[in-house]
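Structural features, examined
Okay, here's what each chain looks like letter by letter:
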Amino acid sequence: MKKLITLLLLFAVTIGSAQNKDTKKADELYDRLAYTDAAAAYQKLLKQGKAGRYVFERLANSYYFINDNKKAETYYKRVVKGRKVKPEVVYNYAQVLKANGKLSDYNTWMDKFANMASNDSRAKEYMANPNEVSQMKDAFALFEAKNLEDINTDASEFGGLLIGKDFYFSSARNDARKKYHWDEQPFLDIYKAKQVGNTIKNANLLAGDVNSKYHEGGVAVTTDGKRMYFDRNDYLNGKFDKSAEGINQINLYYTEWVDGAWKGVFSLPFNSSEYSTGHPALSPDGNTLYFSSDMPGGNGESDLYKVAITGDGFGTPERLSNDINTEGKEVFPYVASNGDLYFSSNGLVGLGGLDGFKAEANGSGFGMPINLGNGANSEADDFAFIYNPETETGFMSSNRKGGKGMHDIYGITAVEPPCDVNMDIMVINEYTKEPVFGARLDLYDNADNRLSSKTAGANGHGTFDAECEKEHIVQAVLAGFETNAVTVEASPNGKLTRTIALRPIEAIIVDDKVNLNPILFDYNKSDIIPQAAFELDRLVGIMKKYPNMIISVESHTDTRGKADYNRKLSDARAQSTVQYVISQGIDASRISGQGFGLDRPAIDCGSNCSDEDHQTNRRSEFIIVNR
């Protein structure tokens, strides 16, 4: 994640002022992004007995940035035990735990983060399916990754753009460059290799005006081969610029192919010394440039943007939607020939630090991002995905275990499921039977893993291709209607049609209650399982439609067991229900919860209760306090 900020030409960390005279030297190293040296300086303070929470947090961050997750975990653990811990520190600790394979602890601290920052999109996505990481680990691997050993070295290599037989990538192998203080590797250069048969080999430093004595990284080349976009440090014509805070940013440039060589370096008009722009990618028609930036107005640490390429220059950059961008980092965009967007994020739920995602083309934008899964992603950082949908092959970069260097380039190949089935889903109004336009359709397998998302068109239809001979669930979500779903039975190859009827949302308001199907919990637990989330989404929908509505959640158990135990269990379930609703965007002031255990049975059957009576007594009620 952040450990890639500079090495992979992401974005600079905000400088902080020194805590005191003892930490001044270490702080100066830290603020210059010299994290290896900073960690050593903070360790020296630790041995001298001059370390407090401030030093522990900076030690944790330093190790986090240089990819030493074991040590980062040690020091984050000390920081999170204190009072008034920042939510972002808790989030970082959870990510380190995940990278170290401690999924149970990861869930514990993500629960805490979600409680501290319920409106954060990362918290909302996590709460929608807290078990998503473990489910992804067990899911079918859709890609196979193979190390490109002929071009990887013991340094860092990343990227991988294939234009004809020419393969462009970035590497820190050039020992003629001075070393960068972040990771003590040489500054990055752009290289060109050749595709020979099924391998990439014969890498050489890119000739021409592109490479400098500082970092050069991501590359995009027009289809006619006459222009190359790339990113480098804010350095042009011998001038090395810094921001007001002393940070040298990353900027976007282009060069032209003239007389058989790359000549001239030209800065893009929206560059700035106060923020970074990088990771260029072109649309299939070459008329749009995509990139990553931490420019003002973004949602997170870095967001994805697009800008029109016009006949006389460039338009105004436009930020992609919040379905793509999070409070974390979105980086390394790539748009495939079919218009699908590939990118990496540490803000969306993933297996490791940075994970690869795909968002299918949807009109002038993109659909919901889907994680590329455990074949493409790992517990480490996986990024710079390039994919050809015609050949079902591509490239990605990773610092996963088993590589040759700090980061390596891998070839990826799609692993086809045995067969597939085409689903034609139609969404209608339950009462009028008319098609419903604009519903979001989510495809799930029978383990509740979301596989894909589409939007129903003007005729109410949406289609999915899914693995055959397996049961699937398609859920339809639309404001103003109850969420509904249909189970699609296991089917052989071919096409099938199913209909989802959506009921206008007022139908579930009865007197002073919102009537939902039973909210089910696992035995002796209070976690929100997918079935419960499905029902609670219906409550969220009606609360969004009626912004003044206030709900009191009352949770009850059956009459078996001890009263104190049942009261505590039901209260835990009520609070989990409340937190889930808050995580979906409902203000905390509009919902409260309380557990009553066995004190208020719906059927007072004493010791003569049937199984049906017990089931009726185990319930959650949603009382309308105010409309």
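If you're wondering where the values come from, they're calculated on a predicted model, not measured in any experiment.

Cut-offs and rules
Position numbers for residues start from 1 in each chain and track the written sequence from start to end. Predicted model: local features are reported for residues with pLDDT of at least 70 only, side-chain atom pairs are reported and counted for 80 or more only, and whole-chain, interface and lining totals are derived from all residues. Based on all heavy atoms of the structure, the side-chain values leave hydrogens and waters out of the count. Secondary structure follows DSSP: runs of H or I at least 4 residues long count as helices, runs of E at least 2 residues long count as strands, and numbering of each begins at the N terminus. Throughout, the radius of gyration refers to the C-alpha atoms, and the reference size of a globule is 2.2 Å times the residue count to the power 0.38. Burial here depends on accessible area, computed with a 1.4 Å probe over protein chains only, as a share of the maximum for the residue type. Under 20% is buried, over 50% is exposed, and the range in between is partly exposed. Note on definitions: a residue-residue contact is assigned when non-hydrogen atoms from the two residues lie within 4.5 Å. Patch membership requires over 30% relative accessible area and the absence of a salt bridge. Like charges are linked within 9 Å, and nonpolar side chains (Val, Leu, Ile, Met, Phe, Trp, Tyr) within 5 Å. Note on areas: these come from Shrake-Rupley sampling with a 1.4 Å probe, and a residue is covered only by the protein chains present in the view. Salt bridges, as used here, are contacts in which a Lys or Arg side-chain nitrogen is within 4 Å of a carboxyl oxygen on Asp or Glu. Angles run from 0 to 180 degrees between N-to-C directions of axes, and those axes are lines fitted to C-alpha atoms, restricted for helices to the stretch in contact. For this classification, under 35 degrees means roughly parallel, over 145 means roughly antiparallel, 65 to 115 means roughly perpendicular, and everything else is oblique. By convention the crossing between two helices is left-handed if the near helix lies anticlockwise of the far one by an angle smaller than a right angle, and right-handed if it lies clockwise. Gly is put with the polar residues, along with every residue not named as nonpolar or charged; the nonpolar set is Ala, Val, Leu, Ile, Met, Phe, Trp, Tyr, Cys and Pro, and the charged set is Asp, Glu, Lys and Arg. The pairing criterion is simple: DSSP has to find at least two bridges between the two strands. The criterion for an aromatic pair is that two Phe, Tyr or Trp rings (for Trp, the six-membered ring) have centres within 6.5 Å, with stacked assigned to planes under 30 degrees apart, edge-to-face to planes over 60 apart and tilted to the rest. Criterion for a charge above a ring: Lys NZ or Arg CZ within 6 Å of the ring centre, and within 35 degrees of the ring normal. Joining through side-chain atoms within 4.5 Å is the link that ties buried Ala, Val, Leu, Ile, Met, Phe, Trp, Tyr and Cys residues into a set, and such a set is a nonpolar core. A residue counts as positive if it is Lys or Arg and as negative if it is Asp or Glu; His and the chain ends are not included. Two N or O atoms count as a polar contact when they lie within 3.5 Å, although within protein this holds only if one can serve as hydrogen donor and the other as acceptor, and sequence-adjacent residues are included solely when both atoms are side-chain atoms. In this description, a disulfide is simply a cysteine sulfur pair whose atoms lie within 2.5 Å.

What follows concerns the overall build of the protein. Helices and strands together make up the secondary structure of the protein, namely eleven helices and 39 strands. Since a compact globule built from 627 residues should have a radius of gyration of about 25 Å, the 27 Å found for the protein is in line with a globular shape. Projecting the C-alpha coordinates of the protein onto the three principal axes gives extents of approximately 90 × 65 × 40 Å. Within the protein, the fraction of its 627 residues that count as buried is 54%. Of all intrachain contacts in the protein linking residues separated by at least 6 positions in sequence, the fraction that spans at least 24 positions is 55%.

Turning next to a nonpolar patch on the surface. Where nonpolar side chains cluster on the molecular surface, the patch consists of Phe140, Leu142 and Val415 and spans about 220 Å² of accessible area. Secondary-structure assignment places Leu142 in the loop between helix H8 (132-138) and strand E1 (143-147).

Bringing the packing of helix H5 (residues 87-99) against helix H6 (residues 103-116) into the picture now. Between H5 and H6, whose axes approach to 8 Å, the crossing angle comes to 160°. With respect to H6, the element H5 is oriented roughly antiparallel. In terms of crossing hand, the pair formed by H5 and H6 is left-handed. Across from Pro87, Val90, Tyr91, Tyr93, Ala94, Gln95, Leu97 and Lys98 in H5, the residues of H6 making contact are Leu103, Asp105, Tyr106, Trp109, Met110, Lys112, Phe113 and Met116. Looking at the contact of H5 with H6 residue by residue, the classes come out as twelve nonpolar, one polar and three charged.

Our next topic: the pairing of strand E19 (residues 330-335). With six of its six residues buried, E19 lies for the most part within the structure. Looking at chain direction, E19 and strand E20 (residues 341-345) are connected through four bridges and run antiparallel. Considered in E20, the bridge of Glu330 is made with Ser345. Hairpin connection, E19 to E20: the antiparallel pair is bridged by five residues, and Gly339 has positive phi, about 90°.

This part is about the packing of aromatic side chains. Here the structure, examined in full by the defined rule, presents 32 aromatic pairs. Summarising the aromatic geometry, the rings of Phe343 and Phe357 are spaced 5.9 Å apart at their centres and angled 25° between planes, so their arrangement reads as stacked. Placement of Phe343 in strand E20 and of Phe357 in strand E21 (residues 355-359) is noted, with a sequence separation of 14 residues between them. Side by side, Phe343 and Phe357 carry an identical accessibility label, which is buried. By way of ring pairs, the aromatic residues Tyr229, Tyr254, Phe266, Phe270, Phe291, Tyr305 and Phe314 are connected into one cluster. Lying over the aromatic face of Tyr91, Arg122 brings its terminal NZ or CZ to 4.3 Å of the ring centre. Positioned above the aromatic ring of Tyr253 is the side chain of Arg232, whose terminal nitrogen or guanidinium carbon lies 5.5 Å from the ring centre.

Now for the nonpolar core. The biggest cluster of nonpolar side chains holds 45 residues, and the ones touching the most others in it are Tyr42, Tyr76 and Tyr106. When contributions to this core are tallied by element, the ones reaching two or more residues are helix H1 (24-31), helix H2 (35-47), helix H3 (53-65), helix H4 (69-79), H5, H6, helix H7 (121-128) and H8. Once residues lying within four places of it in the same chain are set aside, the contact partners of Tyr76 are Ala60, Asn61, Tyr64, Val89, Asn92, Tyr93 and Val96. Counting residues in each nonpolar core, the second largest holds 26 residues, with Ile509, Ile528, Leu539 and Ile551 among its members.

Taken as a whole, H4 has its buried residues at Asn69, Ala72, Glu73, Tyr75, Tyr76 and Val79. On its buried face, H4 is in contact with H2, H3 and H5.

This next bit is on the sheet that holds strand E13 (residues 261-267). An order of E8-E9-E12-E13 is seen for the four strands of this open sheet, with the pairing classed as antiparallel. Unpaired on one side and paired on the other, strand E8 (216-221) and E13 mark the two borders of the sheet. Between one strand and the next, the sheet's axes are offset by a mean angle of 30°, whatever the strand orientation.

Its place among the elements puts Val581 in helix H10 (residues 563-583). A relative accessible area of 0% places Val581 in the buried class. Placed 457 residues apart in sequence, Val581 and Lys124 show a C-alpha to C-alpha distance of 9.6 Å. Ignoring sequence-local partners within four residues, the contact set of Val581 consists of Leu539, Val540, Met543, Ile586 and Ile591.

Spatially, four strands are ordered E1-E27-E26-E25 in an open sheet, and the strand pairing comes out antiparallel. Only two strands of the sheet have a single partner each, and these edge strands are E1 and strand E25 (382-388). Averaged over all pairs of adjacent strands, the angle between their axes in this sheet comes to 25°, without regard to strand direction. As defined by bridge partners, E1 adjoins strand E27 (residues 408-414) across five bridges and the pair is classed as antiparallel. Bridging from a neighbouring strand, Glu144 pairs with Thr413 of E27.

Among the secondary structure elements, Asp234 is positioned in the loop between strand E9 (227-233) and strand E10 (235-236). Although buried, Asp234 forms no salt bridge, and the nearest oppositely charged side chain, Lys239, lies 8.2 Å from it. Among the polar contacts made by the side chain of Asp234, one reaches the side chain of Ser273 at a distance of 2.8 Å. Sequence-distant contacts of Asp234, that is, excluding residues within four places in its chain, are made with Lys239, Phe240, Asp241, Asn248, Gln249, Asn251, Tyr253, Ser272 and Ser273.

For the structure on display, the rule yields one disulfide. Here Cys605 is linked by a disulfide to Cys609, with a sulfur-sulfur distance of 1.7 Å. Handedness of the Cys605-Cys609 disulfide follows from its S-S torsion of about 95°: it is right-handed. As far as burial versus exposure is concerned, Cys605 and Cys609 are alike and both buried.

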